[in-house]
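For reference, the chains in residue letters:
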Amino acid sequence: PVPRNLDKSYVQKGAFIENVRDFAAMHYGIAPKRVQGMDPQHRLLMDTVRAALQDAGLERFDFETGFENGAGFNPDRMGTFLGLSSSEYRDILGMRTMALGMASGIWGNKPDQAALKPLLDSVENLAPLSAFSMPGTLLNMAAASIAHQWGLGGPAFSIDAACASALVAVTDAVTYLRAGLCDSAVAGGAYLNLTPLNLVCFSRIGAISKQGRCRPFDAQAD
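Conventions adopted
Residues numbered from 1 in each chain as written. Predicted model: local features only at pLDDT ≥ 70, side-chain atom pairs only at ≥ 80, totals over all residues. Heavy atoms only, no water. Core = buried A, V, L, I, M, F, W, Y, C linked by side-chain atoms within 4.5 Å. Buried < 20%, exposed > 50% of the residue type's maximum accessible area, 1.4 Å probe, protein only. Helix = DSSP H or I, 4+ residues; strand = E, 2+ residues; numbered from the N terminus. Contact = heavy atoms within 4.5 Å. Polar contact = N/O pair within 3.5 Å; in protein donor to acceptor, adjacent residues only side chain to side chain. Patch = residues over 30% accessible without salt bridge, like charges linked within 9 Å, V, L, I, M, F, W, Y side chains within 5 Å. Areas by Shrake-Rupley, 256 points an atom, 1.4 Å probe, with all protein chains shown as cover. Salt bridge = Lys/Arg side-chain N within 4 Å of Asp/Glu carboxyl O. Pairing = 2+ DSSP bridges. Axes fitted to C-alpha atoms, helices over the stretch in contact; angles between N-to-C directions. Phe/Tyr/Trp six-rings, centres within 6.5 Å; stacked < 30°, edge-to-face > 60°. Lys NZ or Arg CZ within 6 Å of the ring centre and 35° of its normal.

Glancing now at the nonpolar core. Side chains of nonpolar character tend, in soluble globular proteins, to be buried together. One finds Phe 23, Ile 30, Leu 45, Met 46, Leu 82, Ile 146 and Trp 150 to be the most contacted residues of the largest nonpolar core, which totals 22 residues. For this core, the element with the most residues is helix α6 (residues 140-150), which contributes five residues. What Leu 82 contacts, discounting residues up to four positions off in sequence, is Leu 45, Ala 142, Ala 143, Ile 146, Phe 157, Ser 158, Ile 159, Ala 169 and Gly 188.

Looking now at the side chain of Ser 158. Residue position: Ser 158 is located in strand β4 (residues 156-159). There is a polar contact of 2.7 Å between the side chain of Ser 158 and the backbone oxygen of Leu 139. Other than its neighbours up to four places away in sequence, Ser 158 contacts Leu 82, Leu 84, Leu 139, Asn 140, Ala 142 and Ala 143.

What follows deals with a nonpolar patch on the surface. A surface patch of nonpolar side chains, about 470 Å² in accessible area, is lined by Met 98, Met 102, Ile 106 and Trp 107. With respect to the secondary-structure elements, Met 98 resides in helix α3 (residues 88-104). Met 98 gets classed as partly exposed once you look at its relative accessible area, which sits at 44%.

This part takes up the sheet that holds β4. Read from one edge to the other, the open sheet built from three strands follows the order β4-β3-β5, with strand pairing classed as parallel. Unpaired on one side and paired on the other, β4 and β5 (184-189) mark the two borders of the sheet. Averaged over neighbouring strand pairs, the angle between their axes works out to 15 degrees when direction is ignored. When strand β3 (residues 78-83) meets β4, the two strands line up parallel, connected through four bridges. The partner of Gly 83 across the bridge, within β4, is Ile 159. In the packing of helix α7 (residues 165-178) onto the sheet, the strands contacted are β3, β4 and β5, and the crossing angle to β5 comes to about 170 degrees.

A few words now on the pattern of salt bridges. If you walk through the whole model with that rule in mind, you get two salt bridges. Asp 183 is paired through a salt bridge with Arg 77; the nearest N and O atoms lie 3.0 Å apart. A residue pair is termed long-range when its members are at least 10 positions apart, and Asp 183 in the loop between α7 and β5 and Arg 77 in the loop between β2 (66-67) and β3 qualify at 106 residues. A salt bridge links Asp 121 to Lys 117, with the shortest nitrogen-to-oxygen separation between them at 2.7 Å. With a gap of four residues between them, Asp 121 and Lys 117 both fall in helix α4 (residues 113-121), about one helical turn apart. A relative accessible area of 56% means that Lys 117 is categorised as exposed.

Its location among the elements puts Arg 50 in helix α2 (residues 40-55). Along the backbone, Arg 50 and Ile 146 are 96 residues apart, and their C-alpha atoms lie at a distance of 9.4 Å.

Below, the discussion takes up the packing of aromatic side chains. Within this structure, the stated rule accounts for five aromatic pairs. On the basis of an interplanar angle of 10 degrees and a centroid distance of 5.4 Å, the ring pair of Phe 23 and Tyr 28 is categorised as stacked. With respect to burial, Phe 23 and Tyr 28 carry one shared label: buried. Through successive ring pairs, a cluster of aromatic residues spans Phe 23, Tyr 28 and Trp 150. Lying over the aromatic face of Tyr 89, Arg 43 brings its terminal NZ or CZ to 5.6 Å of the ring centre.

If you want it as structure tokens, here you go:
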């Protein structure tokens, strides 16, 4: 209730996606070890792109023949433009390493022996960093993963323009289409709060609506 409280947000409402941990990895031929290091935003985008392609009538894809029912459609000329501005999953994966640093006392006083085990036990369920952690959490790899999954040969990149990221991604897709640099495009974005960090930080500067209502460009925006 007190906006100035440290480490807190004054927000009383939130939007939640159920089962954000769930992902049909085997449907995409993705190994479980890779999924462990894969940002849920990447997974959400993969599911959303799949639905978009189905809505476009491109329901079946084969790496050898391309889109089965996409007559006259050339995947090599399809671009991928995605807006992403944060990777909180990377923060979560890094907590295991951070806990080891805290245990060694590199950021402050070294915990006594009695506190060490509870500290390390608190991150026991986090997967250790692996070869999949970096590509799984880099923002630019989201577009690369989509392009690779469906064999799209056009331009593929992620855009960080803060709150406007998805809109800028759509704008870039239109620009590339008009310039003839691709014939079709996938465009969109994702943003998931998986830790309180950004919510608390935005609250510190009053950038979160106290009413819990998003009204961009509106006189009632707060």
